[in-house]
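Examination of the molecular architecture
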Amino acid sequence: MPDSPFCDFPDLHPNLHLITSPPTQEYNCIAWAAGDSETWWWPDEMGTSYWPSNTPRERTLLAFQLAYSTIGYVPCEDAGREDGFEKIALYADSEGPTHAARQLPDGRWTSKLGRMEDIEHATLECLCNSHYGNVIAYMKRQVLSL
Amino acid sequence: MIDVSQISQINSQIAAHMLCQDSERMASLLEQMCGSIRIPSPQSYPSQAELMEFFMPGIHARQTDIEEEFSELSRQWKRDNRSSSSTTVIAMHPAYQRIIGMGTPALRLILRELSGQLDHWFWALRAISGEDPVPESHRGKLRLMAADWLEWGRRNGYA
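Report follows, based on the coordinates. If you're wondering where the values come from, they're calculated on a predicted model, not measured in any experiment.

A count of helices and strands for chain A gives two helices and seven strands. Walking chain A from its N terminus toward its C terminus, one meets helices and strands in the order β-α-α-β-β-β-β-β-β. Against the 2.2 N^0.38 benchmark of 15 Å for 146 residues, chain A shows a C-alpha radius of gyration of 15 Å, consistent with a compact globule. Seen along its three principal axes, the alpha-carbon backbone of chain A occupies a region of about 45 × 40 × 30 Å. Relative to its 146 residues, chain A shows a buried fraction of 35%. Sequence-distant contacts, at least 24 apart, represent 57% of the contacts inside chain A between residues at least 6 apart.

Structure (structure tokens):
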């Protein structure tokens, strides 16, 4: 399948992921990691995308960490599952952040792939070796118990 | 009364508009211009109908070229950016930049595309038109942004 959308991710083997939504343009990975499926988040200079107010519109790790801090996330050390917390992982290439994934309660991860589908993936590494670059930071927030 | 040099001047204006306007606007302009010419001798100058007949094939051909170019660039752009979340990367793609470079004629094509399928055309619309009808509260909400731009297009004769 040379033109399969998933050929953008050479390490994303079929047994490592599950497609969980149809493709959509309405939200991206940064929004999806934040739990928002109605908005496209990005700190673009033109201001066409949503970005939390009072957060720098720049493609830096700090700007992304500040954006997620507006919804309760704080930096943490690793991707290990912690009871009572949900985590996100930030990917970056040499120019800055590219992608975010959110941890599911069972320790797997969920990602929205640009304008493509949402997927569940077993590891964070299966999206590396692509234009997403590598995981460079983790954040966590307490899960609110109902 | 007009002389040959004035006709030549009008032709230049028409040619200039041919490069940057769509066929409907061009036809309307042509009609307006031809209607304003007071021709001293009907035998020595072309009629409005003859002028229309002379110019319209070129206008239609130009419009078809633009539509084909837009379709091809749009296809390339969508294919190459499907897994990117960065609005900036999406907008900096060479095909997208070429669409911006098409200028005003691309506005109607973008809005037509946007009315059928949501996509990240907002950067191009702002860059080409120099306007921004999207309120702060709609930023990033593509359905609302598309509705704002389509309304802008209707108000300005592009949709």
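Glancing now at the interface of chain B and chain A. For interface size, the figure often reported is the accessible area lost on association. On the chain A side, the residues contacting the 19 residues of chain B number 25 residues. Where the side of chain B that touches chain A is concerned, the elements lending two or more residues are helix 4 (87-92), helix 7 (122-129) and helix 8 (142-155) of chain B. Considering every element that reaches the side of chain B that touches chain A, the biggest residue donor is helix 7 of chain B, with three residues. When the residues that make up the side of chain B that touches chain A are grouped by side-chain class, the tally is four nonpolar, nine polar and six charged.

Quick look at unusual backbone geometry now. All names here are of chain A. Notably, Asn54 is not glycine yet its phi reads approximately 65°, a positive angle. Residue position: Asn54 is located in the loop between helix 1 (29-33) and helix 2 (61-69). In the Ramachandran plot, Asn129 falls in the positive-phi region, its phi being about 55° despite a non-glycine side chain. With respect to the secondary-structure elements, Asn129 resides in the loop between strand 6 (118-121) and strand 7 (134-142).

Here is what the cut-offs are and how they apply
- Residues numbered from 1 in each chain as written.
- Chains lettered and ligands numbered in written order.
- Predicted model: local features only at pLDDT ≥ 70, side-chain atom pairs only at ≥ 80, totals over all residues.
- Helix = DSSP H or I, 4+ residues; strand = E, 2+ residues; numbered from the N terminus.
- Rg over C-alpha atoms; globule rule 2.2 N^0.38 Å.
- Buried ≥ 20, exposed ≤ 12 C-beta atoms within 10 Å, placed from the backbone.
- Contact = placed C-beta atoms within 7 Å.
- Nonpolar A, V, L, I, M, F, W, Y, C, P; charged D, E, K, R; others polar.

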